[in-house]
Amino acid sequence: MTQGLRTRPPRPVAAAPPSRAVGLRWLPPVRARFVLGSLVVVLALWQLCGQLGVVDVQFTSTPIAIVRAGGDLLSSGELWENAQTTLVEFFAGFALAVVVGVPVGMLMGWKLRIRQTLEPALIALYVTPSLALLPLVVLALGIGEASKIAMVFIEAVITIAVNAMAGIRETDPKLVQAARAFCAGGGAMFGKILFPSALPTIMAGLRLGAGRGVIAVIVAELYGGTDGVGQLISTYGQNFDVAPLLFLTLVVGIFGYVVTALLRMLGAAATSWER
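What counts as what
All residue numbers here refer to positions counted from 1 along the written sequence of the relevant chain. Where local features are concerned, this predicted model is filtered to residues with pLDDT of at least 70; where side-chain atom pairs are given and counted, the filter is 80 or more; whole-chain, interface and lining totals use all residues. To obtain the side-chain values, all non-hydrogen atoms of the structure were used and water was disregarded. UniProt positions are given in the numbering used here, feature names are shortened, and annotations may be inferred rather than shown by experiment. When a carboxyl oxygen of Asp or Glu is within 4 Å of a side-chain nitrogen of Lys or Arg, the pair counts as a salt bridge. Only DSSP runs of H or I reaching four residues or more are called helices, and only runs of E reaching two or more are called strands; each is numbered from the N terminus. Buried residues are those whose accessible area, probed at 1.4 Å on protein chains only, stays under 20% of the maximum for their type, while exposed residues exceed 50% and partly exposed ones sit between those limits. Side-chain rings of Phe, Tyr and Trp (the six-membered ring for Trp) are treated as a pair once their centres are within 6.5 Å; stacked means planes under 30 degrees apart, edge-to-face means over 60, and tilted covers the remaining angles. Counted as over-ring charges are cases with an Arg CZ or a Lys NZ within 6 Å of the ring centre that also lie within 35 degrees of the ring normal. Multiplying 1.5 Å by the helix residue count minus one yields the expected span of that helix. In this analysis an axis means a line fitted to C-alpha atoms, helices contributing only their contacting stretch, and an angle means the value between N-to-C directions, from 0 to 180 degrees. Whether a crossing is left-handed or right-handed is set by the direction in which the near helix is turned from the far one by less than a right angle, anticlockwise for left-handed and clockwise for right-handed. For this analysis, residues touch if any pair of their heavy atoms sits within 4.5 Å. All amino acids are sorted into three groups, where Ala, Val, Leu, Ile, Met, Phe, Trp, Tyr, Cys and Pro are nonpolar, Asp, Glu, Lys and Arg are charged, and the leftover types, Gly among them, are polar.

Looking at an unreviewed UniProt entry, one finds the protein named ABC transporter permease, with Amycolatopsis rhabdoformis as its source organism. Taken directly from UniProt, the Subcellular location (unreviewed entry) text for the protein runs: "Cell membrane".

In structure tokens form, the structure reads like this:
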């Protein structure tokens, strides 16, 4: 019956209009130009208001004065000498936090009894301000580098462990069931199922932990240190020397951004299989 039916030739499909997403490749440079332009405008207005007396430069300084103060700190070697101490304290504490936090968090996510035992203490430490722990840490370890490393470790390890635990618990149960159906052992389960699935969340935890670690080392040096960038900030703040104080604050912000950006790049490379 269908042999005598005439069939219409298929209509040519018109090419879809180019997606607007194609133009997104130009978005980052455009956004960068807007950000740079707005930054230049803000700095120019800030400098102008300081010169005209619209704002009190004793409390806000000016961009040119901040740059000059930064140049003095760099030329005298004072910044680099103290920055070395801060860098050692931060990276030592953060490395210990990674070594401890990732496996502990993964075990908490995998084993219910371990999670029930450790989770209340981790949550309690997570919501406790750093300043509340600092006196206890200083009394136990003194005012040297050990107390600063301990503060970075405490602040970072909690965030890293909590995120590692969340990554394990968010693993697709079907993948776990399939691995068990094929008689996968504990090592294979961790290496091929749990760890790859939790890796994006773990990397996010590393970025958050690094941010908390930067805050912890600066706070510890502010209130319980004899050297370091935090101690410099405290000294200039007590002397009401605003220009170097703002320059050091800017240095800390840039350092925190660079560390988190590097960890983001590392996470993107480690989870490239997702894309």
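(A) Layout of the pattern of salt bridges. In the structure shown here, the tally under the stated rule is one salt bridge. With a shortest N-O distance of 2.7 Å, Glu155 and Arg212 are connected by a salt bridge. Separated by 57 residues along the polypeptide, Glu155 in helix H7 (residues 145-169) and Arg212 in helix H9 (residues 186-224) bring together distant segments of the chain. Overall, the relative accessible area of 3% leaves Glu155 in the buried class. Residue classification places Arg212 among the partly exposed residues on the basis of a relative accessible area of 23%.

(B) Examining the UniProt feature "transmembrane region" (unreviewed entry) in the protein more closely. The UniProt record annotates "transmembrane region" (unreviewed entry) at residues 34-54, 90-110, 122-143, 149-166, 178-199 and 245-266. Here residues 34-54 runs as 90% helix and 0% strand, with 26 Å between its end C-alpha atoms. End-to-end, the C-alpha atoms of residues 122-143 are 25 Å apart, and along that stretch the chain is 77% helix and 0% strand.

(C) Main features of the packing of aromatic side chains. According to the stated counting rule, one finds four aromatic pairs in the structure shown. Taken together, a centroid distance of 5.1 Å and an interplanar angle of 70° make the contact between Phe90 and Phe91 edge-to-face. Looking at Phe91, the relative accessible area reads 44%, which means it is partly exposed. Pairing Phe90 with Phe94 gives two aromatic rings, centres 5.7 Å apart and planes at 10°, and the pair type is stacked. On the criterion of helical spacing, the pair formed by Phe90 and Phe94 is a turn pair, its members being four residues apart in helix H4 (residues 78-110). A relative accessible area of 11% places Phe94 in the buried class. Grouped by ring-pair contacts, the aromatic residues Phe90, Phe91, Phe94 and Phe255 constitute a single cluster. Above the face of the Trp110 ring, Lys111 is positioned so that its terminal group lies 4.5 Å from the ring centre. Just above the ring of Tyr126 sits the side chain of Arg212; from NZ or CZ to the centre is 4.7 Å.

(D) Inspection of the environment of Ala204 at higher detail. Relative to the helices and strands, Ala204 is located in helix H9. With a relative accessible area of 21%, Ala204 lands in the partly exposed category. As for Ala204 and Gly167, which are separated by 37 residues in sequence, their C-alpha atoms are 9.9 Å apart.

(E) Structural detail: H7. Relative to the 36 Å expected for 25 residues at 1.5 Å per residue, H7 spans 36 Å between its end C-alpha atoms, a close match to the ideal helical length. Taken across its 25 residues, H7 has 18 buried, putting it largely inside the fold.

(F) How the structure looks around unusual backbone geometry. Positive phi, close to 55°, is recorded for Phe240, a residue that is not glycine. Looking at the element boundaries, Phe240 is found in the loop between helix H10 (229-238) and helix H11 (242-270). Taking relative accessible area as the criterion, Phe240 reaches 66% and is therefore assigned exposed.

(G) Spotlight on the packing of H4 against H11. Relative orientation of the contacting elements H4 and H11 amounts to 35°, with a least axis distance of 13 Å. Once H4 is placed against H11, the crossing between them reads as right-handed. Residues Leu79, Leu87, Phe90, Phe91 and Phe94 of H4 form the contact with H11, whose participating residues are Phe247, Leu248, Phe255, Val259 and Leu263. In terms of residue class, the contact of H4 with H11 is built from 10 nonpolar, no polar and no charged.

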